[in-house]
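Listed below, chain by chain, are the residues.
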Amino acid sequence: MSDSLLSGIHSPEDLRRLPRERLAQVADEIREEIVQRVSRTGGHLASSLGAVELLVAIHAVFDTPRDRLVLDVGHQGYPHKMLTGRREGFDRIGKSDGIAKFLRRSESPYDHFGAGHAGTSISAALGIARAMQHQGRENCAIALIGDGGMTAGMAFEALNHAGHLRQRNLVVVLNDNEMSISPNVGALSSYLSRKLSMPLVRRMKGFAREFLSSLPGDMLHWAHKAEESLKVFFSPGMLFEALSFRYVGPIQGNRLDVVLETFANVRQMILSGEGPILVHALTAKGYGYEPAQQDPYRYHGVGAFEVESGRFRPSSPGPPRYQDVFADTLIRLAHEDPRIVGITAAMADGTGLDRFREVFPDRFYDVGIAEQHAVTFAAGLASEGMKPVPAIYSTFLQRAYDQVVHDVCLQNLDVTFALDRAGVVGADGATHQGLYDLAYLRALPNMVVMAPKDENELRHMLVTALTHPGPAAVRFPRGAGVGVPLDPELKALPLGRAELLRDGDDAAILALGSMVHPALEAAAELAADGLSVAVLNARFVKPLDAERILGLARRCAVLVTVEEHAALGGFGAAVLEAVAASGLGVPVHCLGVPDRLVEHGDPAEILAGLGLDAPGIARAVREAVAAGR
Ligand SMILES: Cc1ncc(C[n+]2csc(CCOP(=O)(O)OP(=O)(O)O)c2C)c(N)n1
């Protein structure tokens, strides 16, 4: 690998010192290095490859970090990380003490605004641009957002506001590759691509070019202006111009010469107060690495692979993933109940709903990166007697909180939330941890909240949620199940009833979801030390099985709750409330995630570090029992 130029670049200042004609080599080296490094560690590949030229050009032309670059999601930011002194960090990307896969302010002064969730960049950049204006600074803010990110309602809220403010020091770069993780959806996406491919536009442009070349000098100037108007009239620019943005494009976003020249012009326009400007760049996701360019969907986020062939390292066989068990169960239930529909917000693959789509294409909805809409859309369906199942990662449902409250719970509508990736997610880090859903859902009237101890119980909980006539949420972890056999028959579980898995009277472990099996292991370990420890599979956080829990509180010397969730406001807090209300004096120790951020790393190591594994639970029970003696 030739890294002669890149190895001399430690910051964008180094890049800006290079003569322009050498920047193409820098882009090539970055691309090559991303492929090599990601092939070893895994990570976001296709999005970063597609954005190499845009990021090289932004750093080469603008005065970063004084001009602020704000990336949407941040998953396309590997070229940016390489240009800002973090090349070596790629060896430990997503691992503990390594660099993050997304953006954190603490990682670099060039990551001026943290990201991980989509659709935030334009709002943040507008706030930054506005602050600069308040403070009399002459710099600008640049938001880089994908056409997938642009499906988030928030992006439009920001465009609308920026246009209203006529924010002259704001640049939005739309990186349009027609892909979200899977092919992008929505009327806007079709509008952008239809506008560009309209045969009439192509014919008109061809005609204009021919006509122009035949004109004498001064007429040429006016004719060029006419061509511009024509282009604006027939191009996607109309939409953005209507929002008071100057529209520049569409440009070929993987042609470095074109991108450099465009950004140089845009910078001049910004300096002369002509913003806000939207640059529409057409790129190819996975650009420059054939396997990724051919199949950007598979190469969006990858594990290790072989560079030559693009082949992925075979994954070791093991228990089925929760997401697949969820999807297969939903398909089975949907065969029996035509009211069931599946809804995803741009995560068909991650939630397993791509399987559902294959069987029930007419009862599947990908709404784009629009969790808020997904929830109220589900509420609308439910209000007419359908049984919608929005499958949304725990972390992304945060965005739709008011919709859950106002549209679903207040109206007691029959919506089943499948909350995937609930708990510690590992390499994706703090922005993606699913650690708050119990707290934010359990406060809501009418809501049922449950968590299965394994993939088999997940299936029964899905039936339970769909049988329950009001809102219900099932939260389950990322990755592979426990490996238990799957019952042939599906059944609804009795609402609000926990399951006593092991009896004992020295202590009782009240465990939720993913913590039930480690709790059983801990109890077995403690039995070897002569302690008799009960284990309750709580199943429901709401309604809580207060009767059984208080029964254990009367018999056992101490209660220990354990959950893969923030300790504040979660399952343990619900138990504390029930015990306090009962007037019983039993000590309750709550194990959960303490009140701090959980960064990226190996999930098992993170859980062990938090004491949320069998040895940690056993340790906590021993200490609790000793303290009570
Ligand atoms: C609120 C939210 N929902 C879902 C996701 C998961 N997600 C990460 S990247 C991505 C696709 C982004 O597409 P686009 O912005 O077009 O970027 P591209 O990868 O195509 O370059 C999605 C859906 C997210 N990060 N945030």
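Please refer to the structure placed before this passage.
Residues numbered from 1 in each chain as written. Predicted model: local features only at pLDDT ≥ 70, side-chain atom pairs only at ≥ 80, totals over all residues. Heavy atoms only, no water.

Chemist: Describe in detail the overall build of the protein chain, supporting the description with residues and values.
Modeler: Assigned secondary structure in the protein chain consists of 26 helices and 19 strands. For 629 residues, the compact-globule formula gives about 25 Å, and the C-alpha radius of gyration of the protein chain, at 27 Å, lands near that figure. Judged by the C-alpha coordinates and their principal axes, the protein chain covers about 100 × 55 × 50 Å. Counting the 629 residues in the protein chain, one finds 58% classified as buried. Pairs at least 24 apart in sequence give 77% of the contacts found in the protein chain among residues at least 6 apart. When the accessible surface of the protein chain is totalled, it reaches about 25,200 Å², and 53% of it is carbon and sulfur. Distance between charge centres in the protein chain, computed from 62 positive and 74 negative side chains, equals 2 Å. (Helix = DSSP H or I, 4+ residues; strand = E, 2+ residues; numbered from the N terminus. Rg over C-alpha atoms; globule rule 2.2 N^0.38 Å. Buried < 20%, exposed > 50% of the residue type's maximum accessible area, 1.4 Å probe, protein only. Contact = heavy atoms within 4.5 Å. Areas by Shrake-Rupley, 256 points an atom, 1.4 Å probe, with all protein chains shown as cover. Lys, Arg positive; Asp, Glu negative; His and termini not counted. Charge placed at Lys NZ, Arg CZ, Asp CG, Glu CD.)

Chemist: Provide a residue-level description of the environment of G146, including the pertinent values.
Modeler: Within the fold, G146 resides in strand 3 (residues 141–146). When neighbours within four sequence positions are excluded, G146 is seen to be in contact with L174 and N175.

Chemist: Would you mind going over the pairing of strand 6 (residues 277–282) in detail, with residue names and values included?
Modeler: Summarising burial for strand 6: five of the six residues are buried, a large majority. The pairing of strand 5 (residues 246–252) with strand 6 spans five bridges and is classified as parallel. Across the sheet, R246 pairs through a bridge with I277, a residue of strand 6. In the classification by handedness, the crossover that spans strand 5, the intervening helix 12 (residues 256–271) and the parallel strand 6 is right-handed. (Pairing = 2+ DSSP bridges. Right-handed = clockwise from strand over helix to strand, strands pointing away.)

Chemist: Please provide a residue-by-residue account of the pairing of strand 15 (residues 507–511), values included.
Modeler: The buried fraction of strand 15 is high, at five of five residues. Alternating positions in strand 15 separate into two faces, A507, I509 and A511 on one and A508 and L510 on the other, with burial throughout. Bridging between strand 15 and strand 16 (residues 533–537) involves five bridges; their strand directions are parallel. Bridging from a neighbouring strand, A507 pairs with V533 of strand 16. Handedness of the crossover is the feature at issue here: the chain leaves strand 15, passes through helix 22 (residues 516–528), returns alongside strand 16, and the resulting connection is right-handed.

Chemist: I'd like to hear about unusual backbone geometry, residue by residue, with values.
Modeler: The omega angle of the peptide bond from T64 to P65 is 5 degrees, so this bond is cis rather than trans. In this model, G275 is joined to P276 through a cis peptide bond whose omega is 0 degrees. The backbone phi angle of A346 is positive, close to 70 degrees, even though this residue is not glycine. By the secondary structure assignment, A346 is in the loop between strand 8 (340–344) and helix 15 (348–351). In this structure A346 comes out as buried when scored by relative accessible area, which is 6%.

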